[in-house]
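Overview (structure and organization)
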Amino acid sequence: MADLRIGVILSLTGPAASLGIPARNSVELWPREVGGQKVQVIVLDDASDPTGATLAARKLTSESKVDVLVGPSVTPTSLAALQVAGETSTPMISLAGSGAIVSPLEGPKKWAFKMPPEEHIPLKMIFDRMKRDQQTRLGIVAMSNAYGQTFLDVAQRMAPAAGVQIVGVERYGATDQSFVSQALKLLGAKPDAVLIAAAGTPAAMPHIELRNRGFGGTIYQTQAVANNDFLRVGGASVNGSLMPVSPLLVAEQLPESHPVRGKALAFVNSYEAKHGAGSRSLFGGMAWDAMLLLQAAVPEALRKAQPGTNEFREALRAALENTGNLVLTQGVYSMSATDHNGADERSQVMVRIDDGKWKYADR
């Protein structure tokens, strides 16, 4: 009986390493058997680079003959790798955030799935909070990549109906060393709140600059920054900021009735037992949830074919696509032929950074 081969592509070096390293930590906790099949896991570093992700995907599919890809960590690398996934008919479970990875569901994207929720879910939470706080003017800082652009596009579509005016948009790159000119322009637009759509520690730079320049309004981030490295780099400047994130981040603070509380706490306890108290990471949770998805889908695929075959990869893709009401550490997922994400509003809660700690702020 052939082993199940899983190829994992992560950003273990480069700007997105703060996302990739905790995911690798979770991969190390994966079971070594799924659906009665022994599992071989091959992990490659794409160095946070789309070309590196393409090369890694080609190596895993052509040389290692993997049955499924997990990763990459961020949107640009995922968009690169999914081209190879499509060419080789290999299912890919991305850990990155942009809806562009799975929409529109045509061509190679038919083989792609992703863990973080679609942008409209956190944006609705942000707009609802702005309405509650009687804020109507929003500035947006978008990283110059597909992640930032998709958030910007969706925000611009949703804002009018939410009664929100987008008064300024500024962009920057993950390796930029300054945000001074963009901050001054944004402050000149007099926003009530600012949304920063960026991933990892590079999201701290515009945040710090806005505070240093005297911006006293609300700053929203996205869950792509929800790790301890962001807190370390941002320091006191990021205190008071808000972000819609996976419930996993504040698992102990969730109401007993929240559907993911049990799964989230189980993962947190396992992860922190190895890596220390407070070491939890959404990006580690996404990698864990990718395995939970496979534990549900692989037995269904095995009814039709054996690993190592084109038939098995197609059966696995179909089984993932038919995931229904599956409770994971970060939400409840129901996928379909038209939705390869499947997360609903239960995948996000509002969190505030208080004194360098994550605080549940849905109340």
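One can find the structure itself at the top, above this paragraph.
Read on for an overview of the structure. These figures come from a predicted structure and were not determined experimentally.

Describing the overall build of the chain
Per the secondary structure count, the chain includes eleven helices and 15 strands. The C-alpha radius of gyration computed for the chain amounts to 20 Å, which stays within 12% of the reference 21 Å derived for 363 residues, consistent with globular compactness. Projecting the C-alpha coordinates of the chain onto the three principal axes gives extents of approximately 65 × 40 × 35 Å. Expressed as a percentage of its 363 residues, the buried residues of the chain come to 59%. When the accessible surface of the chain is split by element, carbon and sulfur atoms take 49% of a total near 13,700 Å². Between the averaged position of the 35 positive side-chain charges in the chain and that of its 34 negative side-chain charges there is a distance of 2 Å.

Topic: the side chain of T77
Structurally, T77 is set in helix 3 (residues 75-88). Taking the relative accessible area as the measure of exposure, T77 reaches 0% and is therefore buried. Within the local environment of T77, its side chain forms a polar contact with the backbone oxygen of V74, the two atoms lying 2.9 Å apart. Residue contacts for T77: discarding those within four places in its chain leaves D46, S48, D49, P50, A53 and P72.

Examining the sheet that holds strand 3 (residues 37-45)
Judged by pairing direction, the sheet is mixed, and its six strands sit side by side in the order 2-3-1-4-5-6 without closing on themselves. Sheet topology places strand 2 (33-34) and strand 6 (112-114) at the edges, where each strand pairs with a single neighbour. Strand contacts of helix 3: strand 1 (4-10), strand 4 (68-70), strand 5 (92-94) and strand 6, with the helix running at about 170 degrees to strand 5, the strand carrying the most contacts. Helix 11 (residues 310-321) contacts strand 1, strand 4, strand 5 and strand 6 of the sheet and is inclined by roughly 35 degrees relative to strand 6.

Some details on helix 9 (residues 261-275)
For helix 9, built from 15 residues, the straight-helix expectation of 21 Å at 1.5 Å per residue is met to within 8% by its first-to-last C-alpha distance of 20 Å. Following helix 9 by one or two positions, G276 has its phi on the positive side, about 105 degrees.

Regarding the nonpolar core
Counting residues in hydrophobic clusters, the biggest one holds 105 residues, and the most contacted among them are I6, L95, F127, L294, L316 and W358. Here this core takes 14 residues from helix 10 (residues 282-302), the largest share from any one element. Ignoring sequence-local partners within four residues, the contact set of L294 consists of I6, V34, V68, V70, I93, P299 and L316. Ranked by size, the runner-up nonpolar core spans 17 residues in total, among them A53, A81, V84 and A85.

Observations concerning the pairing of strand 8 (residues 165-172)
Inspection of the sheet shows strand 7 (residues 137-143) paired to strand 8 by seven bridges, in the parallel sense. Across the sheet, the residue bridging to V141 is E170, located in strand 8. In this region the chain leaves strand 7, passes through helix 5 (residues 146-162) and returns to the parallel neighbour strand 8; the handedness of that crossover is right-handed.

Thoughts on the packing of aromatic side chains
As enumerated under the stated definition, the model contains four aromatic pairs in all. Considering the side-chain rings of F267 and W288, the 5.9 Å spacing of their centres and the 35 degrees angle between planes classify their relative orientation as tilted. Of the two residues, F267 sits in helix 9 while W288 sits in helix 10, which places them 21 residues apart along the sequence. Here the two residues F267 and W288 agree in accessibility, since each one is buried.

Some remarks on the pattern of salt bridges
Tallied over the entire structure, the rule returns 15 salt bridges. Put simply, R317 and E321 hold a salt bridge, and the shortest N to O gap is 3.0 Å. Taken together, the residues R317 and E321, both in helix 11 and four residues apart, mark about one turn of the helix. Classification of R317 as buried rests on a relative accessible area of 14%. With relative accessibility at 12%, the residue E321 sits in the buried group. Through salt bridges with shared partners, one network takes in E252, E272 and R280.

Focus: the packing of helix 1 (residues 17-27) against helix 10
Helix 10 packs onto helix 1 with a crossing angle of 45 degrees between their chain directions and a minimal axis gap of 7 Å. One way to sum up the angle between helix 1 and helix 10 is to call them oblique. In this structure, helix 1 crosses over helix 10, and the sense of that crossing is right-handed. Only F283, G284, G285, A287 and W288 of helix 10 make contact with helix 1, whose side of the interface consists of S18, L19, P22, A23, S26 and V27.

Parameters and conventions
- Residues numbered from 1 in each chain as written.
- Predicted model: local features only at pLDDT ≥ 70, side-chain atom pairs only at ≥ 80, totals over all residues.
- Heavy atoms only, no water.
- Helix = DSSP H or I, 4+ residues; strand = E, 2+ residues; numbered from the N terminus.
- Rg over C-alpha atoms; globule rule 2.2 N^0.38 Å.
- Buried < 20%, exposed > 50% of the residue type's maximum accessible area, 1.4 Å probe, protein only.
- Areas by Shrake-Rupley, 256 points an atom, 1.4 Å probe, with all protein chains shown as cover.
- Lys, Arg positive; Asp, Glu negative; His and termini not counted.
- Charge placed at Lys NZ, Arg CZ, Asp CG, Glu CD.
- Polar contact = N/O pair within 3.5 Å; in protein donor to acceptor, adjacent residues only side chain to side chain.
- Contact = heavy atoms within 4.5 Å.
- Pairing = 2+ DSSP bridges.
- Axes fitted to C-alpha atoms, helices over the stretch in contact; angles between N-to-C directions.
- Expected span 1.5 Å × (residues − 1).
- Core = buried A, V, L, I, M, F, W, Y, C linked by side-chain atoms within 4.5 Å.
- Right-handed = clockwise from strand over helix to strand, strands pointing away.
- Phe/Tyr/Trp six-rings, centres within 6.5 Å; stacked < 30°, edge-to-face > 60°.
- Salt bridge = Lys/Arg side-chain N within 4 Å of Asp/Glu carboxyl O.
- Parallel < 35°, antiparallel > 145°, perpendicular 65-115°, else oblique.
- Left-handed = near helix turned anticlockwise from the far one by under 90°.

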